[in-house]
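Chain residues, written in single-letter form:
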Amino acid sequence: MKKIIIIHTGGTISMLENKDTGEIHTTSDHPLSNIPYDFGTTIMVDEHIAFSLPSPHITPSHMLSLAKTIDNFLVEYDGIVVTHGTDTLEETAYFLDLVLDTEKPVILTGAMRSSNEIGSDALYNLISSIRVALSSDAYSKGVLVVMNDEIHSAINVTKTSTSNIATFQSPQYGPIGIITKESIIFHHQLVTRTTYPVENISKRVFLLKAYAGMDSKLFELIHVGNPDGLIIEGLGQGNLPKETIPAIQKLLKDNIPIVLVSRSFRGTVGPTYAYEGGGKQLKDMGVIFTNGLTGPKARLKLLIALENNADYMILRDIFEKEF
Ligand code: ASP
């Protein structure tokens, strides 16, 4: 008999609609406690409420606490399903993917419409996630996100629509599997996956998005805030307006690591352009480039790496070679 545990953290999947006002609220009892579905096999499903938070209130410290809870449950259970608000679901999924060293299925799911809204995807996504957690093919796939009949890798998935139930997409590579009425079908697999143990989250890492006309001002303000690291969502293949360069040089001179991703969600960054502010200049200055991550996910990776006292050379390897 397989044993699955559902860990609730809050979000719309844990909420109900007030039929008079239309507002979505948390409830004292979880609305999805009894699952009316025959999984076709004898299973035991337990539940645990870790938090009852809307996901904009979730911090990296909550993610760490959740990782520790999951680690404990993994001793006893064959699979874990985490319910989570969709706004920051991809960040929690990626954090767990970075720190959980397990082959067992760990699935995150959420809902775009609460349980008593018309067309709710809450119960459906929960049932789909349990089905994936029960699948022997879900082993060794890293942390997965299951929504709307699709299975996504934590590293690639992102929320693309504020309201559509097909919101979770992996723009670069697509989902790694699908869910049908009869089966769970995986059609891709991650080539590599590296995990990093972490005991605390205590560093300050900021995230800036580049834009046409950006200058040094925001970088100077961040410098005053004593950052431990900075992520920049740069332009195109990894370029910045030239007016940002003096402030970036000062941050690097103070040994503040800067990791650059692209604000485009497809393609790669690299030292392609040699003009002032271009990727070549940034790379020569010591800016670290990384691919396949959004800014928020790169930020979580830097938080974890800094906690493990990674120096510049190690950071370069972690961000440029390890995925
Ligand atoms: N704002 C909600 C949250 O992230 C949205 C959701 O759960 O879908 O908690």
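All of the points below concern the structure found in this document. (Residues numbered from 1 in each chain as written. Predicted model: local features only at pLDDT ≥ 70, side-chain atom pairs only at ≥ 80, totals over all residues. Heavy atoms only, no water.)

### Details of the overall build of the protein chain
Stated precisely, the cut-off is as follows: Secondary structure counts use DSSP, requiring at least four H or I residues in a row for a helix and at least two E residues in a row for a strand, with both numbered from the N terminus. When we talk radius of gyration, it's over C-alpha atoms, and the globule rule is simply 2.2 Å times the number of residues to the 0.38. Each residue is assigned to one of three classes by its accessible area relative to the maximum for its type, calculated with a 1.4 Å probe on protein chains only: buried under 20%, partly exposed between the two thresholds, exposed over 50%. Any two residues whose heavy atoms approach within 4.5 Å are treated as being in contact.
Within the protein chain, the regular secondary structure consists of eight helices and 16 strands. A compact globule built from 323 residues should have a C-alpha radius of gyration of about 20 Å, and the protein chain, at 21 Å, falls within 12% of that. Seen through its principal axes, the protein chain has C-alpha atoms that stretch 60 × 45 × 35 Å. Per-residue burial for the protein chain yields a buried fraction of 51% across its 323 residues. Taking the intrachain contacts of the protein chain between residues at least 6 apart in sequence as the baseline, contacts between residues at least 24 apart amount to 73%.

### Side note on the sheet that holds strand E13 (residues 205–209)
Threshold: Any two strands with at least two DSSP bridges between them are considered paired. Axes here refer to lines fitted to C-alpha atoms; in helices the fit is confined to the stretch in contact. Angles between the N-to-C directions go from 0 to 180 degrees.
Pairing is parallel in the open sheet, where four strands are placed in the order E13-E14-E15-E16. Each edge of the open sheet is held by one strand with a lone partner, namely E13 and strand E16 (288–289). Packing against the sheet, helix H4 (residues 217–224) makes contact with E13 and strand E14 (229–234), and its axis sits at approximately 175° to E13. Docked against the sheet, helix H7 (residues 295–307) engages E13, E14 and strand E15 (258–262), running at close to 160° with respect to E14.

### What about the environment of Ile201?
Inspection of the secondary structure puts Ile201 in the loop between strand E12 (184–186) and E13. Overall, the relative accessible area of 18% leaves Ile201 in the buried class. In this structure, the C-alpha to C-alpha distance between Ile201 and Ser61, residues 140 residues apart in sequence, is 6.2 Å. Residues in contact with Ile201, not counting those within four places in the same chain, are Pro60, Ser61, Leu64, Phe95, Leu303, Ile304 and Glu307.

### Focus: a nonpolar patch on the surface
The test is simple: Within this analysis, patches are made of residues with over 30% relative accessible area and no salt bridge. Like charges are joined at 9 Å or less; nonpolar side chains (Val, Leu, Ile, Met, Phe, Trp, Tyr) at 5 Å or less. Where accessible areas are quoted, they stem from the Shrake-Rupley method and a 1.4 Å probe; at the residue level, only the protein chains shown are allowed to cover. When a carboxyl oxygen of Asp or Glu is within 4 Å of a side-chain nitrogen of Lys or Arg, the pair counts as a salt bridge.
Together, Tyr211, Leu218 and Leu221 make up a nonpolar patch on the protein surface, roughly 270 Å² of accessible area in all. When you line up the elements, Leu218 lands in helix H4.

### As for unusual backbone geometry
Although it is not a glycine, Asp149 adopts a positive phi angle of roughly 65°. Locating Asp149 in the fold gives a position in the loop between strand E7 (144–147) and strand E8 (150–153). At Asn255, a residue that is not glycine, the phi angle is positive and equals roughly 60°. Relative to the elements of secondary structure, Asn255 occurs in the loop between helix H5 (245–253) and E15. You can call Asn255 exposed: its relative accessible area is 68%.

### Considerations on the pairing of E7
Stated precisely, the cut-off is as follows: With the strands pointing away from the viewer, any crossover whose connection runs clockwise from the first strand over the helix to the second is right-handed.
Burial along E7 is two-sided: Leu144 and Val146 and Val145 and Met147, pointing in opposite directions, are all buried. Strand direction decides the pairing type here: strand E6 (residues 106–109) and E7, joined by two bridges, are parallel. Looking at the pairing, Leu108 lines up with Val145 of E7. Between E6 and its parallel partner E7, the chain crosses via helix H3 (residues 122–134), and the hand of that crossover is left-handed. Bridge analysis of E7 against E8 gives four bridges, and the strand direction is antiparallel.

### A short note on the pairing of E13
Where E13 lies against E14, five bridges are found, and the strand directions are parallel. Within E14, the position partnered with Val205 by the bridge is Gly229. In this view, the connection linking E13 to its parallel neighbour E14 by way of H4 has right-handed handedness.

### Notes on the packing of aromatic side chains
Threshold: Classification of ring pairs rests on two measures: the distance between centres of Phe, Tyr or Trp rings, Trp counted by its six-membered ring, which must be within 6.5 Å, and the angle between planes, read as stacked under 30 degrees, edge-to-face over 60 and tilted in between. The criterion for a charge sitting over a ring is simple: Lys NZ or Arg CZ within 6 Å of the ring centre, and within 35 degrees of the ring normal.
Summed over the entire model, instances satisfying the criterion amount to three aromatic pairs. Considering the side-chain rings of Tyr37 and Phe39, the 4.8 Å spacing of their centres and the 65° angle between planes classify their relative orientation as edge-to-face. Ring centres 5.4 Å apart and planes at 40° place the aromatic pair Tyr273 and Tyr275 in the tilted group. Between the NZ or CZ atom of Lys283 and the centre of the ring of Phe289, over which it lies, the distance is 5.7 Å.

### As for the side chain of Lys297
Formally: Here the positive residues are Lys and Arg and the negative ones are Asp and Glu; neither His nor the chain ends is included. What qualifies as a polar contact is a pair of N or O atoms within 3.5 Å, subject to a donor-acceptor requirement within protein and to the restriction that residues adjacent in sequence count only when both atoms come from side chains.
Along the polypeptide, Lys297 turns up in helix H7. It turns out Lys297 is buried and unbridged, and the closest side chain with the opposite charge, Glu90, is 5.1 Å from it. Within the local environment of Lys297, its side chain forms a polar contact with the backbone oxygen of Ala154, the two atoms lying 2.7 Å apart. The residues touching Lys297, leaving out its near neighbours within four places in the chain, are Glu90, Tyr94, Ala154, Ile155, Asn156 and Val157.

### A short note on the sheet that holds E6
Reading across the sheet, the eight strands line up as E4-E1-E5-E6-E7-E8-E11-E12 and stay open at both edges, with mixed pairing between neighbours. Among the strands making up the open sheet, the edge pair consists of strand E4 (43–49) and E12. Between one strand and the next, the sheet's axes are offset by a mean angle of 25°, whatever the strand orientation.

### Examining the environment of Ile13
Looking at the element boundaries, Ile13 is found in the loop between strand E1 (2–8) and strand E2 (15–17). Residue Ile13 is classed as buried on the basis of its relative accessible area of 0%. On a C-alpha basis, the gap between Ile13 and Met112 in space is 7.5 Å, while along the polypeptide they are 99 residues apart. Other than its neighbours up to four places away in sequence, Ile13 contacts His30, Pro31, Leu32, Thr83, His84, Thr109, Gly110, Ala111, Ser115 and Ala122.

By themselves these figures say nothing about function.
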